[in-house]
Amino acid sequence: MILDKTIETWCESHPLIAELVNLKETTWFNPALAPTAQALSDVALTAADIADASARLERFAPFIMSAFPETRASHGIIESEILPLTTLQAALASQHPQASQGTLWLKADNLLPISGSIKARGGIYEVLKHAEDLALASGLIQPGDSYAKLDSEEARTFFAQYSIAVGSTGNLGLSIGIMSARLGFQATVHMSADARQWKKDKLRSCGVTVMEYASDYSVAVEQGRKQSESDPHCHFVDDENSVNLFLGYAVAAERLQRQLTAAGITVDQEHPLFVYLPCGVGGGPGGVAFGLKHIFGDAVHCIFAEPTHSPCMLLGVYTGLHDAVSVYDFGIDNSTAADGLAVGRPSGFVGRSMQRMLDGYYTISDEEMYRLLALMESTEGLKLEPSALAGVPGLIRVLQEQQGYRERLNLTESRLANATHLVWGTGGSMVPNEEMDAYLTKGRVLLALQ
Ligand SMILES: *Cc1c(COP(=O)(O)O)cnc(C)c1O
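What counts and what doesn't
- Residues numbered from 1 in each chain as written.
- Predicted model: local features only at pLDDT ≥ 70, side-chain atom pairs only at ≥ 80, totals over all residues.
- Heavy atoms only, no water.
- Helix = DSSP H or I, 4+ residues; strand = E, 2+ residues; numbered from the N terminus.
- Rg over C-alpha atoms; globule rule 2.2 N^0.38 Å.
- Buried < 20%, exposed > 50% of the residue type's maximum accessible area, 1.4 Å probe, protein only.
- Contact = heavy atoms within 4.5 Å.
- Areas by Shrake-Rupley, 256 points an atom, 1.4 Å probe, with all protein chains shown as cover.
- Lys, Arg positive; Asp, Glu negative; His and termini not counted.
- Charge placed at Lys NZ, Arg CZ, Asp CG, Glu CD.
- Polar contact = N/O pair within 3.5 Å; in protein donor to acceptor, adjacent residues only side chain to side chain.
- Domains from an automatic or database assignment.
- Buried area = accessible area lost by both parts, 1.4 Å probe.
- Salt bridge = Lys/Arg side-chain N within 4 Å of Asp/Glu carboxyl O.
- 1 Å grid on protein atoms, 1.4 Å probe; cavity = no way out; pocket = protein on both sides within 12 Å on 5 of 7 lines; lining within 4 Å.
- Points joined across faces, edges and corners; volume = space filled by probe spheres on them.
- Nonpolar A, V, L, I, M, F, W, Y, C, P; charged D, E, K, R; others polar.

Here we look at the overall build of the chain
Of regular secondary structure, the chain possesses 20 helices and 11 strands. At 21 Å, the chain has a C-alpha radius of gyration in line with the 22 Å of a compact globule built from 450 residues. By its C-alpha atoms, the chain is 60 × 55 × 45 Å across when sized along the principal axes. Burial status across the chain gives 62% buried among its 450 residues. A separation of at least 24 residues holds for 75% of the contacts in the chain among residues at least 6 apart in sequence. Accessible surface, the chain: about 16,600 Å² in total, of which carbon and sulfur atoms supply 51%. Here the chain carries 33 positive and 52 negative side-chain charges, and the mean point of each set is 2 Å from the other.

Put into structure tokens, the structure is as follows:
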């Protein structure tokens, strides 16, 4: 029984559940999608909050540039490029002719400095926000100071009195751990059983304490939360509900707008922008989508992608149960190779806030992520981790749908011909070579079998 109803009853009222339970790749276009102004009113955050986060990242740029020399070229701003996926799009179109409509691009967060994944946005932002709050309150820095001062023994001694903890399947832990340790905080990452060994090793080599659990992500989060509550000097990063994480991700949108303009790409009603975002607990894709809606309004169409084995956000939003339900309740095992997406229960904050903001959700099998991983490498020479490929089939799902979605939104042929499809490539550059080679081999085998 799930909230007093049997699975059979749920499947009758919500027919897509049967497909999810059978682990079939599924696409759902959101009938509750509302005009942007209405959808944004569901979120208790505003454009001013995003601007505040953006300004904070600017203030920290001198510190980041000093502490992480790889960010010197970008003057301490942690940002990734957009890259055209011309060859990949041609390869997709050879199998699905519709895929040649519009233009396919990658947002290369796999190449973000410091931690090589989308978590270098929200995760790092939350650590910086906390550090700034402490440093200002104690007088370690004054408003107007250069934050380069925070890369000093004095600052590290100060931050060493405090600790930061997080529960993570891997990438969030890397971002929080690396930045916390560099500032001087005592950092603890509570990791679930599915976390990769190399991520644990990397964190330990940075001086981070790694606690390992034999269970999944939610349990690691719970344990971390419990241990942190008893310590008033400990800040626990709450991936499921954190407004700061969310705002850190949202800053991506204004930067993307500048990049699209620089690349000569127009976004308006006649030139729609589709953005495909891999979704785990929801904060990353949710924050990015929130930022994008503020800038591009109804011209941007945000779609979340999840593994067939972990469709927590789709299930939560589709049933309206949000975080009251986990994929396990429906007998789905939450077992996937897609790091960062192996999440059984979605963020209730994100699901509820964004119910009317997202155009749709779809699921993708692990095999397909591996195939696309190999195809991305052979066509574009780019190496992404499996999760980061989840957005690639998005344009095919949109262009092949027969649920009346394009018609309802008046996405005409001429508009679709002008469309930009942006795949959010959420991670990959930190994956060790041997691990990446194993991913590629697996993907090539699956491609050959197709
Ligand atoms: C964390 C992560 C995501 C999804 O972010 P959430 O905030 O968990 O939804 C997607 N891709 C990768 C590689 C990630 O690490």
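Some thoughts on the side chain of Arg255
Locating Arg255 in the fold gives a position in helix 12 (residues 252–262). Classification of Arg255 as buried rests on a relative accessible area of 9%. In terms of polar contacts, Arg255 uses its side chain to reach the side chain of Glu79, at 3.0 Å. Other than its neighbours up to four places away in sequence, Arg255 contacts Leu57, Ile77, Ile78, Glu79 and Arg121.

A closer look at the domain arrangement of the chain
Domain boundaries assigned for the chain yield domain 1 (7–115 + 246–449) and domain 2 (119–241). Between the C-alpha centres of domain 1 and domain 2 there is a distance of 25 Å. Across the contact, 42 residues belong to domain 1 and 34 residues belong to domain 2. Here domain 1 and domain 2 share an interface that buries about 3,400 Å² over both sides, 60% of which is from carbon and sulfur atoms. Contact with domain 2 buries surface across domain 1, with Phe60, Phe63 and Tyr249 losing the most and accounting together for 19% of the total. Linking domain 1 to domain 2 there are six salt bridges. For Arg59, the salt bridge identified is with Glu132, shortest N-O distance 2.8 Å. Linking domain 1 with domain 2 are 14 residue pairs in polar contact (both at pLDDT 80 or more), by the criterion used here. Mapped by element, the contributors of at least two residues to the side of domain 1 that touches domain 2 are helix 4 (47–67), helix 11 (243–250), helix 12 and helix 20 (433–449).

Let's talk about the layout of surface pockets
If a probe the size of a water molecule is rolled over the atoms, the empty space left behind becomes visible. By volume, the largest pocket is sized at about 370 Å³. Looking at the largest pocket, it is lined by 21 residues, and the ones nearest its centre are Leu92, His96, Glu368, Pro393 and Ile396. Counting only elements with at least two residues in the lining of the largest pocket, the list comes to strand 1 (27–29), helix 5 (86–95), helix 16 (366–380) and helix 17 (394–400). Of the residues assigned to the lining of the largest pocket, the class counts are nine nonpolar, seven polar and five charged. Roughly 290 Å³ of internal volume is contained in the second largest pocket. The wall of the second largest pocket is formed by 16 residues, among which Leu33, Asp298, Ala299, His301 and Leu409 lie closest to the centre. In the lining of the second largest pocket, the residues fall into eight nonpolar, three polar and five charged.

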